[in-house]
Amino acid sequence: MLTFDQLCRGLEVEISAFAICEVRYDGAFALHEETDSSIHYILSGEGVALQSSGEVSEVSPHTVIIVPPGGQLTIAHDADQPRNPVEPQCEPLAGGWNLLTLGDEAPSLILACGYVHARFMQIVELFDFLREPLIVSVATDKSFQVPFQQLLDELAEPKPGTRVLAEMLMKQCLIALLRNQSEATGECFVPWLAALGDPSLAKAIAAMMDAPQESHTLESLGEIAGMSRGAFAEHFKEAFGRTAIDCLKEIRLRRAAQLLSTTNKPVKSVAIQVGFESRSYFSHAFKEFAGLNPAEFRASRIAQTSNVALGYDPYSKSSQRPR
């Protein structure tokens, strides 16, 4: 099985498009990540984070929030304030940053926000299988606070080598976060990644993620892993806590959500592209996964794109990236 040290050694980190975001008392910062993971660090102020599940978490300085692909989260002063559309004000800062302001009143929360890619040996993204955004306080954890502040300082005044150094600092932050979470829970913070310590299972996972549209079966995946059907099914369930077919289904549905959000392809074409032969079965499975059928999901994304309070992407890849 993969040890924590092996996970850290194989971790490759990239960052991009950092911004400072001010959430005012009358504003709300609604996040919906389409294809990437984002990280948000509370610099000052207090408020709440509202998840799509209805769970409400208090946030304060040194709270870290990681929103995985497909994740949704709203950050506001309190849980009861109205969520009216707010036109964000954007100003450029030094170092290629942006300052985004949501609302007109005094600042309630100030965050540093950016995209982060954390890959294990180019096989899989670290946060892709988070079902909900991760919200963790590092108020007593200097091993995260110190390198993160160094990262912000470095990006604020870029010099030769800034990008490389900043990504090294982000890796240090993530290792500290993973280590502390593992110590707190007594198990690997991302237990499904432990299976990647077995190269045979890593090959099967890579095959599902690289080509979800293929007609994968327990037999074919077992063959890729060099195991019998039964041995593969048992080994996979033990390592991941779910069946290989359930994992494949989620990979397909996540890929479908990305296509529905970013392309105009017909629903039937999307279904076929991610490995569903039946549109009706795809629609049923997608609604169970996302809470909306594919057409409703696509319409909601279009509405969010036109509603700056809900769909504004403060650090899209078209934004200037840290040099």
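Residues numbered from 1 in each chain as written. Predicted model: local features only at pLDDT ≥ 70, side-chain atom pairs only at ≥ 80, totals over all residues. Heavy atoms only, no water.

Chemist: Would you mind going over the packing of aromatic side chains with me for this structure?
Modeler: Two numbers describe a pair of aromatic rings. These are the distance of the centres and the angle of the planes. Taken as a whole and assessed by the stated rule, the structure comprises nine aromatic pairs. For the ring pair Tyr-41 and Phe-144, a centre distance of 5.8 Å and an interplane angle of 25° mean the geometry is stacked. Of this pair, Tyr-41 sits in strand E3 (residues 37-45) while Phe-144 sits in helix H2 (residues 142-156), placing them 103 residues apart in sequence. Classification of Phe-144 as buried rests on a relative accessible area of 0%. Here the aromatic residues Phe-276, Tyr-281, Phe-282, Phe-286, Phe-289 and Phe-297 are joined through ring pairs into a cluster of three or more. (Phe/Tyr/Trp six-rings, centres within 6.5 Å; stacked < 30°, edge-to-face > 60°. Helix = DSSP H or I, 4+ residues; strand = E, 2+ residues; numbered from the N terminus. Buried < 20%, exposed > 50% of the residue type's maximum accessible area, 1.4 Å probe, protein only.)

Chemist: What is the right way to read the nonpolar core from this model?
Modeler: Most often, soluble globular proteins have nonpolar side chains that are buried together. Ile-15, Phe-18, Phe-144, Phe-148, Leu-151 and Met-170 are the most contacted members of the largest nonpolar core, which totals 35 residues. Where this core is concerned, the elements lending two or more residues are strand E1 (11-24), E3, strand E6 (63-67), strand E10 (107-120), strand E12 (134-137), H2 and helix H3 (162-185). The dominant element in this core, judged by the number of residues it contributes, is H3, at eight residues. Not counting residues up to four positions away in its chain, the partners in contact with Ile-15 are Tyr-115, Val-116, Leu-151, Leu-155, Arg-163, Ala-166, Glu-167 and Met-170. Counting 17 residues, the second largest nonpolar core, distinct from the first, contains Val-23, Leu-31, Val-67 and Leu-102. (Core = buried A, V, L, I, M, F, W, Y, C linked by side-chain atoms within 4.5 Å. Contact = heavy atoms within 4.5 Å.)

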